[in-house]
Amino acid sequence: MSSVLTDLCRYPIVQAPMAGGTSRPELAAAVSEAGGLGFLAAGYKTADGMYNEIKRLRTLTGRPFGVNLFMPQPDLADPSAVDVYRHQLAGEGAWYETPLGDPDAGGGDDGYEAKLAVLLDDPVPAVSFAFGCPSRDTLDALANVGTYTVVTVTTPEEAQAAQWAGADAVCAQGVEAGGHQSTHRDDPLNDGTGIGLLSLVAQVRETVEMPIVAAGGLMRGSQIAAVLAAGAQAAQLGTAFLVCPESGANPLHKQALTNPLFAGTALTRAFSGRPARGLINRFMREHGPYAPAAYPQIHYLTAGLRKAAATSGDAQGMALWAGQGHRMAREVPAGRLVGLLVEELDAARAALNAGGTR
């Protein structure tokens, strides 16, 4: 690892920031205490809500941690397409006995400026960004208060933009990753064209000169060894930590990851209007082919449906975000999981070294 990443975490293991309540302070604290780098997800929270979680996390650990921000999104949605999708979802509203949400309820900036102001006034060790790259002024301002910055990228070109803007590192997110694809520009013409993680890490390594954190479907220490060998300095895992008791994920979501009923994952716009990988369920199959490119409008439109499905115990109507390695999930405390991953990483490295001396 680079010297700065070494200062942030003892092991090259980063807990992915999973928005929607999964990345609670308890989860981030457990990971950081075990020698990884825990992350809070500020997405879909208010600036005050983010700040309260940071305060809570600081009472649980004195070790470094990070906070993830969503970049403001341009309003590219076609209102008529959103309206057509609303009519298609009318049956879901009737089934769950809940009204559809207001597509314009939350705006497209996710309170970005207010959250940034909090993080500049009361700095945290690391801040990462999803769905775009901040300006050089923003990254310089965070550097001036001692914050390490990471921009999530899905292509070598996005990594180059992050380097030009002055980020400290990039998180290379392969198409295998669960949850939203962190593309800097949401273009429907690019749906299904994402780059696999090992190929992406290699391409990013040849494009930029900055530390790489690899993310996408990683569940075992041997996989961490593989991305480190490919040129990454650390690995970021989300689905692996989702089933931990410290995770705030809905119990139905946790159970579904290893339930044979959910055999695989796919990228869909059905729940949010932006490509995101989740377990294939009824809602995704029925509505995914017709969902427009309209984020965050579709997210707010379906929010009530997703909540009602969870309340009624119906995983077939929930957004079950998961990476391609979901069936390998282990329901153990987060600190123990970090320990297992380190043991597996060490074993994989030892095996490689032994093979190299023959």
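Residues numbered from 1 in each chain as written. Predicted model: local features only at pLDDT ≥ 70, side-chain atom pairs only at ≥ 80, totals over all residues. Heavy atoms only, no water.

## A closer look at the overall build of the chain
Thinking step 1. Of the regular secondary structure elements, the chain holds 15 helices and 11 strands.
Thinking step 2. A globule of 358 residues ought to have a C-alpha radius of gyration of about 21 Å, and the chain, at 19 Å, matches this closely.
Thinking step 3. Viewed in the frame of its principal axes, the chain has a C-alpha envelope of about 65 × 45 × 40 Å.
Thinking step 4. For the chain, with 358 residues in total, the buried portion stands at 56%.
Thinking step 5. Counted over contacts in the chain with a minimum sequence separation of 6, partners at least 24 positions apart contribute 69%.
Thinking step 6. Split by element, the accessible area of the chain, about 14700 Å² in all, is 52% carbon and sulfur.
Thinking step 7. Charge centroids of the chain, computed over 26 positive and 35 negative side chains, lie 8 Å from each other. (Helix = DSSP H or I, 4+ residues; strand = E, 2+ residues; numbered from the N terminus. Rg over C-alpha atoms; globule rule 2.2 N^0.38 Å. Buried < 20%, exposed > 50% of the residue type's maximum accessible area, 1.4 Å probe, protein only. Contact = heavy atoms within 4.5 Å. Areas by Shrake-Rupley, 256 points an atom, 1.4 Å probe, with all protein chains shown as cover. Lys, Arg positive; Asp, Glu negative; His and termini not counted. Charge placed at Lys NZ, Arg CZ, Asp CG, Glu CD.)

## Considerations on the sheet that holds strand S11 (residues 276-279)
Thinking step 1. Reading across from one edge, S7-S11-S10 is the order of the three strands in this open sheet, with antiparallel pairing throughout. In this open sheet, the two strands that pair with only one neighbour each are strand S7 (179-180) and strand S10 (265-268).
Thinking step 2. Where S10 lies against S11, four bridges are found, and the strand directions are antiparallel. In the sheet register, leucine 267 faces S11, and the bridge partner there is arginine 277. (Pairing = 2+ DSSP bridges.)

## A look at the pattern of salt bridges
Thinking step 1. Tallied over the full model, the rule gives 12 salt bridges.
Thinking step 2. Of the charged contacts, one joins arginine 24 and glutamate 26 as a salt bridge, the two residues approaching to 3.9 Å between their closest N and O atoms.
Thinking step 3. A salt bridge links aspartate 110 to lysine 115; the nearest nitrogen and oxygen atoms lie 2.9 Å apart. The residues aspartate 110 and lysine 115 share a single accessibility class, namely buried.
Thinking step 4. Several salt bridges share partner residues, and in doing so they unite Arg24, Glu26 and Arg56 into one network. (Salt bridge = Lys/Arg side-chain N within 4 Å of Asp/Glu carboxyl O.)

## Focus on the packing of aromatic side chains
Thinking step 1. Tallied over the full model, the rule gives five aromatic pairs.
Thinking step 2. Ring geometry for phenylalanine 70 and phenylalanine 131: centres 4.8 Å apart, planes at 45 degrees, overall tilted. Note that phenylalanine 70 is positioned in strand S3 (residues 65-70) and phenylalanine 131 in the loop between strand S4 (126-130) and helix H7 (136-144), a separation of 61 residues in sequence. The same class applies to phenylalanine 70 as to phenylalanine 131, namely buried. (Phe/Tyr/Trp six-rings, centres within 6.5 Å; stacked < 30°, edge-to-face > 60°.)

## Details of the packing of helix H3 (residues 47-60) against helix H6 (residues 112-121)
Thinking step 1. Relative orientation of the contacting elements H3 and H6 amounts to 30 degrees, with a least axis distance of 9 Å. Of the two possible hands of crossing, H3 and H6 adopt the one that is right-handed. Each of Ala47, Met50, Tyr51 and Ile54 in H3 lies in contact with H6, whose residues at this interface are Ala114, Lys115, Val118 and Leu119.
Thinking step 2. Its residues placed into classes, the contact of H3 with H6 shows seven nonpolar, no polar and one charged. (Axes fitted to C-alpha atoms, helices over the stretch in contact; angles between N-to-C directions. Left-handed = near helix turned anticlockwise from the far one by under 90°. Nonpolar A, V, L, I, M, F, W, Y, C, P; charged D, E, K, R; others polar.)

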